Protein chains: 4
Amino acid sequence: DLPFVLISGPCQIESRDHALFMADALKTAAAQAGVPFVFKSSFDKANRTSVSGRRGVGIDAGLAILAEVKGALGCPVLTDVHEASQIEAAAQAVDILQIPAFLCRQTDLLVAAGRTGAVINVKKGQFLAPWDMAAVAQKVASTGNERILLTERGASFGYNTLVSDMRALPVMAQTGYPVVFDATHSVQQPGGLGSASGGQRAFAPVLARSAVAAGVAAVFAEAHDDPDNAPSDGPVMLPLAWMGPMLERLKAIDAVVKG
Amino acid sequence: DLPFVLISGPCQIESRDHALFMADALKTAAAQAGVPFVFKSSFDKANRTSVSGRRGVGIDAGLAILAEVKGALGCPVLTDVHEASQIEAAAQAVDILQIPAFLCRQTDLLVAAGRTGAVINVKKGQFLAPWDMAAVAQKVASTGNERILLTERGASFGYNTLVSDMRALPVMAQTGYPVVFDATHSVQQPGGLGSASGGQRAFAPVLARSAVAAGVAAVFAEAHDDPDNAPSDGPVMLPLAWMGPMLERLKAIDAVVKG
Amino acid sequence: DLPFVLISGPCQIESRDHALFMADALKTAAAQAGVPFVFKSSFDKANRTSVSGRRGVGIDAGLAILAEVKGALGCPVLTDVHEASQIEAAAQAVDILQIPAFLCRQTDLLVAAGRTGAVINVKKGQFLAPWDMAAVAQKVASTGNERILLTERGASFGYNTLVSDMRALPVMAQTGYPVVFDATHSVQQPGGLGSASGGQRAFAPVLARSAVAAGVAAVFAEAHDDPDNAPSDGPVMLPLAWMGPMLERLKAIDAVVKG
Amino acid sequence: DLPFVLISGPCQIESRDHALFMADALKTAAAQAGVPFVFKSSFDKANRTSVSGRRGVGIDAGLAILAEVKGALGCPVLTDVHEASQIEAAAQAVDILQIPAFLCRQTDLLVAAGRTGAVINVKKGQFLAPWDMAAVAQKVASTGNERILLTERGASFGYNTLVSDMRALPVMAQTGYPVVFDATHSVQQPGGLGSASGGQRAFAPVLARSAVAAGVAAVFAEAHDDPDNAPSDGPVMLPLAWMGPMLERLKAIDAVVKG
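Conventions we followed
Each chain has its residues counted from 1, following the order in which its sequence is written. To label them, take the chains in the order written and letter them from A, then take the ligands in the order written and number them from 1. Confidence filtering applies because this is a predicted model: local features only for residues at pLDDT of at least 70, side-chain atom pairs given and counted only at 80 or more, and all residues used for totals across whole chains, interfaces and linings. To get the side-chain values, take all heavy atoms of the structure and skip hydrogens and water. Each helix is a run of DSSP H or I of at least 4 residues and each strand a run of E of at least 2, with the numbering of both proceeding from the N terminus. The atom set for the radius of gyration is the C-alpha atoms, and the globule formula is 2.2 Å times the number of residues raised to the power 0.38. Any two residues having at least one pair of non-hydrogen atoms within 4.5 Å are treated as being in contact. Surface accessibility in these figures is a Shrake-Rupley result with a 1.4 Å probe; residues are shielded only by whichever protein chains are displayed. Asp and Glu count as negative and Lys and Arg as positive, but His and the ends of the chain are not part of the count. Lys charges are placed at NZ, Arg charges at CZ, Asp charges at CG and Glu charges at CD. When two parts are put together, the accessible area they lose, computed with a 1.4 Å probe and summed over both, is reported as buried area. What makes a salt bridge here is a side-chain nitrogen of Lys or Arg within 4 Å of a carboxyl oxygen of Asp or Glu, nothing more. Any residue outside Ala, Val, Leu, Ile, Met, Phe, Trp, Tyr, Cys, Pro, Asp, Glu, Lys and Arg is labelled polar, Gly included; the first ten of those are nonpolar and the last four are charged. Inter-axis angles, ranging from 0 to 180 degrees, are taken between N-to-C directions of lines fitted to C-alpha atoms, where helices are fitted over the stretch in contact. Put simply, angles under 35 degrees are roughly parallel, angles over 145 are roughly antiparallel, angles from 65 to 115 are roughly perpendicular, and the rest are oblique. Each copy is superposed on the other by least squares, with the fit set by C-alpha atoms of residues at a pLDDT of at least 70 in both. Any residue under 20% of the maximum accessible area for its type is buried, any over 50% is exposed, and the rest in between are partly exposed; the area is computed with a 1.4 Å probe on protein chains only. By this definition, two strands are paired if DSSP reports at least two bridges between them. Between the first and last residue of a helix there are one fewer steps than residues, each counted as 1.5 Å, and that sum is the expected span. Seen with the strands pointing away from the viewer, any crossover whose path from the first strand over the helix to the second strand runs clockwise is right-handed. A score from 0 to 100, pLDDT tells how confident the predictor is in each residue. The rule is short: rings of Phe, Tyr and Trp, with Trp giving its six-membered ring, pair when the centres are within 6.5 Å, and they are stacked under 30 degrees, edge-to-face over 60, tilted in between. Note on geometry: a ring has a charge over it if NZ (lysine) or CZ (arginine) is within 6 Å of the ring centre and within 35 degrees of the ring normal.

**So, the overall build of chain A**
Reasoning step 1: Within chain A one finds 8 helices and 14 strands.
Reasoning step 2: By the compact-globule yardstick of 18 Å for 259 residues, chain A fits well, its C-alpha radius of gyration being 17 Å.
Reasoning step 3: Summarising its shape, the C-alpha atoms of chain A cover approximately 45 × 40 × 40 Å along the three principal directions.
Reasoning step 4: Within chain A, counting contacts between residues at least 6 apart in sequence, those at least 24 apart form 68% of the total.
Reasoning step 5: Carbon and sulfur atoms provide 51% of the accessible area of chain A, an area that totals close to 8100 Å².
Reasoning step 6: The averaged location of the 24 negative side-chain charges in chain A is 4 Å from the averaged location of its 21 positive side-chain charges.

Structure below.
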């Protein structure tokens, strides 16, 4: 029952300078609230709603930037991988490899990730029940790597809507692996804008509070200095200014629940 | 942003002695946690899964017992009504009239309840969106009675399952009326036992914490001294012993959120 | 495996002349397609989205009109009841008493309806699984009245949306009671217009074809000579001109399935 | 409005002899009903529920068998691909490349498939609305390849359950691409057996009838000579003996709808 960790960063790596700026700003906000911090950003957005959505800086440039962030700020770094061929390079640059929700049942990807020995964060598919994640985690654990995180990021609820079932958090915790709540993707409205996904940023801090009250090991919440102009996930990312006040409340709730 | 209130009691009135015993035990537990208390119990279970489910003591005996509880313990009392003909008598015995979720769109029932001037607690139908409750509340308010409470008790999620969308709480609060979270009916598995509804009592305190962290005016949670042998809603009612520890945590979370 | 029956009419009784006109037009269309016809209309819309939605002509005028339609056209007549006090009068005027979906678990209403000996059509609640309807039918059958119809009219699917699960039709048929598919209410978007329910009329004939292909005893589809100006359910009612072509296709599919 | 096509075969290629036997049996049944036939089988099951689920014969052996089936029986052949590296080889062996539902948003996979010029069948993710498939198809079409099929295979409906929304068929048809209904995966109960997916084979012919009545270009239905002992998807695959009677009814319904 360690205090919760914040996993945050901009949805995609936009540039070296932006990544370093964001990591520094978030690390400072987390430190002020007394919350351990992991930096997250993606080098490729492989499943955008539209073929013309901006994809990111690519794997080589992206991993170099992440390695620099890690060195400069001294914080652990997380990124997501989308096919087995990316895994070896990614595992050398970052601390935590993340398996995207749509890919959470792809056996080869999970096994290849597990074999690196890195921490593996698997996002629960929007189409899965929380108890289905035990078999997903077992795919990683079959490699001997038990450094696994399981992330709730919403379940399909009718069309273009997700719902966050807070019961999923204790259910997934029964696996024995730490459970993460992804507050920003949980408020996505998938495909809701026609050629892009919409979202309701304003509910992310509400759901984060609910999740911490239910009990989690970490809160995942993407953030941006100008979310409305971000190249992806703008409607759900949190403005930097929201982070400090949100973390203070989460910290206090976490203390009540784990105290 | 007043501190949250507890609405609790056994699902149905089983006898005068049992109602008085439960009200006293719950009032004591609430007082120890510093939580205001409203006693809830039903004189008739009008929509049991099975025609042979036990219905309760009936309206005359039930209202007399509720009036006695109110007098003996000095706490406000809530009961639910199922047709317009019950409303006048009920309003004379209790402080809060509750409209069951299945009946939350029945205009005549809402209007008749509103006309009594009593506080009206409308449970959101499992088939409604939270924003649909504005039109429901307006049916009551059309009588000039603005003493309205709106209760979240789960939304249909596939078959025989409910899900608690914590976003519903701030959405309903936008009406300006106080919002209640019903922690025990939200963990029902409607019809899940074939000739009865099942449920998962263990998740009720988890969801109650999540709801209080999201922000509510009251928590509704039915309780019983022997839930596994209760005539209705046994699978979801909380044992008396759970109440004290749960309220203490809820109280602390409520203070964080409203502080 | 008798050929399917059409249950149709305007959502609410607007006037004596309109009811007679609609019944005549629909009876003619059904006869041309060789489909037995039951006239349906409501004397009261008791659960409108908004308190200001038009309610109808009332029980006395409404039942008189329905009795006149029955006499003039020689077709069976169906109407819905909303509380036990309406049942005796309604059973004297019409052949089939319908229990609305929201009320399908109200034991007293089901039992009072069953006792009349009339045919009882129970609509499945949007919050129920198809197998839950066995216990609902049993409430009616407990009176000795086995003249029961069970109607599918959509299941809650996220917010403001229904989905028609065609598996529900054979599941409900396992009760032994005839199963009806309600094609027009199934395309409602409940509450979707804010102060009214929306709908997608264009999908009603599609779903009716799907349901007849799955196998049903009757198709329920409300119709109107000017649906866009109807006082209720306008977005889902079928224009009169659609009825003939739809029935011809349904008749042919029904013959394939039951042949 | 061409008559519907059958896409069928065993879930996975079990051996050369089994694939040839099944293709021959299914081709014969389809020919007897006058239905064009496409053989489907997988060389790798890349996303089994459990890490120990049988995966199949592998890409080299599998594609060789599919090419032999195609040559021996003279029918088009379909198989699914899971990463870009498989696509070139697969496109040389088969006529139709299928994108699995979980992967239907992976831009690189869709684009690489499109570039082969083969027919591309994209299964709609269980987490997508039917209108979201326009942007998915556009990813393939961005390569200049407009030979696209879109397949409905069920939408998430609560946990461990799918529902088939027949409205999805005409909605997807608005893209202008032919629409396929997958009758056997639509009756899966994903994860429903704990370490495997369950299913309700008995409903597959019902849903196939409903889909053909709604209007489709093809019906996808996996079949097996001994489904209860098949290495994957046993609970949903159709016994060979069911195929003939099902196709006859579907053929007659298709004629009504397209006549």
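**Observations concerning the interface of chain D and chain A**
Reasoning step 1: At the interface, 34 residues of chain D touch 34 residues of chain A.
Reasoning step 2: Each partner contributes to the roughly 3200 Å² buried at the junction of chain D and chain A, and carbon and sulfur atoms together form 52% of this total.
Reasoning step 3: On the chain D side of the contact with chain A, Val51(D), Arg105(D) and Tyr159(D) bury the most area, a combined 22% of that side's loss.
Reasoning step 4: At the junction of chain D with chain A, the criterion picks out 2 salt bridges.
Reasoning step 5: In this structure, Arg55(A) and Asp108(D) form a salt bridge, with 2.9 Å as the shortest nitrogen-oxygen distance.
Reasoning step 6: Partitioning the side of chain D that touches chain A into residue classes produces 14 nonpolar, 12 polar and 8 charged.

**Here's the deal with the packing of helix α4 (residues 107-115) of chain B against helix α5 (residues 133-141) of chain B**
Residue and element names in this part refer to chain B.
Reasoning step 1: Contact pair α4 / α5: the axes reach a minimum separation of 7 Å and the direction vectors enclose 50 degrees. As far as their axial angle goes, α5 and α4 are oblique. Residues Thr107, Leu110, Val111 and Gly114 of α4 form the contact with α5, whose participating residues are Val136, Lys139 and Val140.
Reasoning step 2: Each residue belonging to the contact of α4 with α5 can be placed in one class, and the counts come to 4 nonpolar, 2 polar and 1 charged.

**A closer look at the environment of Pro205(A)**
Residues and elements named next belong to chain A.
Reasoning step 1: Mapped onto the secondary structure, Pro205 falls in helix α7 (residues 204-214).
Reasoning step 2: Remark: the alpha-carbon pair of Pro205 and Ala67, spanning 138 residues in sequence, is separated by 29 Å.
Reasoning step 3: Look past the residues within four positions of Pro205 in its chain and what remains in contact with it is Leu238, Trp242 and Met246.

**A look at the relation of the copies chain D and chain A**
Reasoning step 1: When chain D is fitted onto chain A, the two copies agree to an RMSD of 0.0 Å after a turn of 180 degrees and an axial shift of 0.0 Å. On the angle and the small slide along the axis, the relation comes out as a two-fold axis.
Reasoning step 2: When the interface residues of chain D are mapped onto chain A, 100% of them again lie at the interface, so the same face is used by both copies.

**Some details on unusual backbone geometry**
Residues and elements named next belong to chain A.
Reasoning step 1: For Asp233, which is not glycine, the phi dihedral falls at a positive 60 degrees.
Reasoning step 2: Here Asp233 shows up in the loop between β13 (223-224) and β14 (238-239).
Reasoning step 3: Residue classification places Asp233 among the buried positions, given a relative accessible area of 17%.

**Looking at the sheet that holds strand β9 (residues 179-182) of chain A**
Residues and elements named next belong to chain A.
Reasoning step 1: Spatially, β1-β2-β3-β4-β5-β6-β9-β12 is the arrangement adopted by the 8 strands of the closed barrel, whose pairing is parallel. Neighbour-to-neighbour, the strand axes of the sheet open up by a mean angle of 25 degrees, direction not taken into account.
Reasoning step 2: Both strand β5 (residues 119-123) and strand β6 (residues 148-152) contribute to a ladder of 4 bridges, which runs parallel. Directly across from Val122, in β6, lies its bridge partner Leu150.

**Some points on the side chain of Gln126(A)**
Reasoning step 1: Inspection of the secondary structure assignment puts Gln126(A) in the loop between β5 and α5 (133-141).
Reasoning step 2: Its relative accessible area of 7% is what places Gln126(A) among the buried residues.
Reasoning step 3: Setting aside residues no more than four positions away along its own chain, Gln126(A) makes contact with Ala101(A), Phe102(A), Arg153(A), Gly154(A), Ala155(A), Ser156(A), Leu162(A), Phe127(D) and Ser156(D).

**Digging into helix α1 (residues 16-33) of chain D**
All names here are of chain D.
Reasoning step 1: With 18 residues, α1 extends 26 Å from end C-alpha to end C-alpha; this agrees with the ideal 26 Å at 1.5 Å per step.
Reasoning step 2: For α1, the complete set of buried residues consists of His18, Ala19, Leu20, Met22, Ala23, Leu26, Ala29, Ala30 and Ala33.
Reasoning step 3: Against the buried residues of α1 lie β1 (5-8), β2 (37-40), α2 (59-73), β13 (223-224) and α8 (240-258).
Reasoning step 4: Two residues or fewer after α1 comes Gly34, characterised by a positive phi angle close to 75 degrees.

**Points about the pairing of β1(D)**
Residue and element names in this part refer to chain D.
Reasoning step 1: Where β1 meets strand β12 (residues 218-220), 3 bridges bridge the pair, whose relative direction is parallel. Paired with Val5 across the bridge in β12 is Ala218.
Reasoning step 2: The pairing of β1 with β2 spans 3 bridges and is classified as parallel. Note that in β2 the partner of Ile7 across the bridge is Val38.
Reasoning step 3: In this fold, β1 hands off to α1, which returns the chain to β2; that crossover is right-handed.

**Section: the pattern of salt bridges**
Residue and element names in this part refer to chain A.
Reasoning step 1: Counted by the stated rule, this structure contains 44 salt bridges over all chains.
Reasoning step 2: Note that Asp165 is salt-bridged to Arg167, the shortest N-O span being 2.9 Å. Side by side, Asp165 and Arg167 carry an identical accessibility label, which is buried.
Reasoning step 3: Taken together, the salt bridges that share partners define one network made up of Arg16, Asp17 and Glu68.

**Notes on the sheet that holds strand β5 (residues 119-123) of chain B**
Residue and element names in this part refer to chain B.
Reasoning step 1: Strand order around the closed barrel formed by 8 strands is β1-β2-β3-β4-β5-β6-β9-β12, with parallel pairing between neighbours. Strand-to-strand twist across the sheet, computed as the mean angle between neighbouring axes with direction ignored, equals 25 degrees.
Reasoning step 2: Strands β1 (5-8) and β2 (37-40) of the sheet are contacted by helix α1 (residues 16-33), whose axis makes an angle of about 155 degrees with β2.

**Thoughts on the environment of Ala113(B)**
All names here are of chain B.
Reasoning step 1: As for its position among the elements, Ala113 is in helix α4.
Reasoning step 2: Residue Ala113 is classed as buried on the basis of its relative accessible area of 0%.
Reasoning step 3: Taking C-alpha positions, Ala113 is 17 Å from Pro178, a pair spaced 65 residues apart along the chain.
Reasoning step 4: When near neighbours in sequence (up to four residues on either side) are disregarded, Ala113 contacts Ile87, Leu97, Ile99, Ile120 and Asn145.

**Here we look at the pairing of strand β5 (residues 119-123) of chain C**
All names here are of chain C.
Reasoning step 1: Of all 5 residues in β5, 5 are buried; the element is thus mostly enclosed.
Reasoning step 2: Burial of the side chains of β5 extends over both faces: Val119, Asn121 and Lys123 are buried on one face and Ile120 and Val122 on the other.
Reasoning step 3: Strand direction decides the pairing type here: strand β4 (residues 96-99) and β5, joined by 4 bridges, are parallel. Looking at the pairing, Leu97 lines up with Ile120 of β5.
Reasoning step 4: What joins β4 to β5 is helix α4 (residues 107-115), and the crossover it makes is right-handed.
Reasoning step 5: In this fold, β5 hands off to helix α5 (residues 133-141), which returns the chain to strand β6 (residues 148-152); that crossover is right-handed.

**Remarks on the confidence of the model for chain A**
Reasoning step 1: Chain-level statistics for chain A give a pLDDT mean of 96 and a share of 100% at 70 or above.
Reasoning step 2: For this predicted complex, the interface confidence comes out at an ipTM of 0.96, alongside a pTM of 0.97.

**Looking at the packing of aromatic side chains**
Reasoning step 1: By the definition in use, this model includes 16 aromatic pairs over all chains.
Reasoning step 2: Centroid distance Phe102(B) to Phe127(C): 4.1 Å. Interplanar angle 15 degrees. Geometry classified as stacked. Remark: Phe127(C) occurs in the loop between β5 and α5 and Phe102(B) occurs in the loop between β4 (96-99) and α4; the pair is interchain, linking two chains. Exposure class is identical for Phe102(B) and Phe127(C). Each is buried.
Reasoning step 3: Aromatic pair Phe157(B) and Tyr159(D): ring centres 4.9 Å apart, planes at 85 degrees, arrangement edge-to-face. Here Phe157(B) is found in the loop between β7 (155-156) and β8 (162-163), whereas its partner Tyr159(D) is found in the loop between β7 (155-156) and β8 (162-163) on a different chain.
Reasoning step 4: Taking relative accessible area as the criterion, Phe157(B) reaches 2% and is therefore assigned buried.
Reasoning step 5: Here a set of aromatic residues connected by ring pairs shows up, and it is made of Trp131(A), Phe157(A), Trp131(B), Phe157(B), Tyr159(C) and Tyr159(D).
Reasoning step 6: For the cation-ring pair, Lys123(B) lies above Phe220(B), with the distance from its terminal atom to the ring centre recorded as 4.0 Å.

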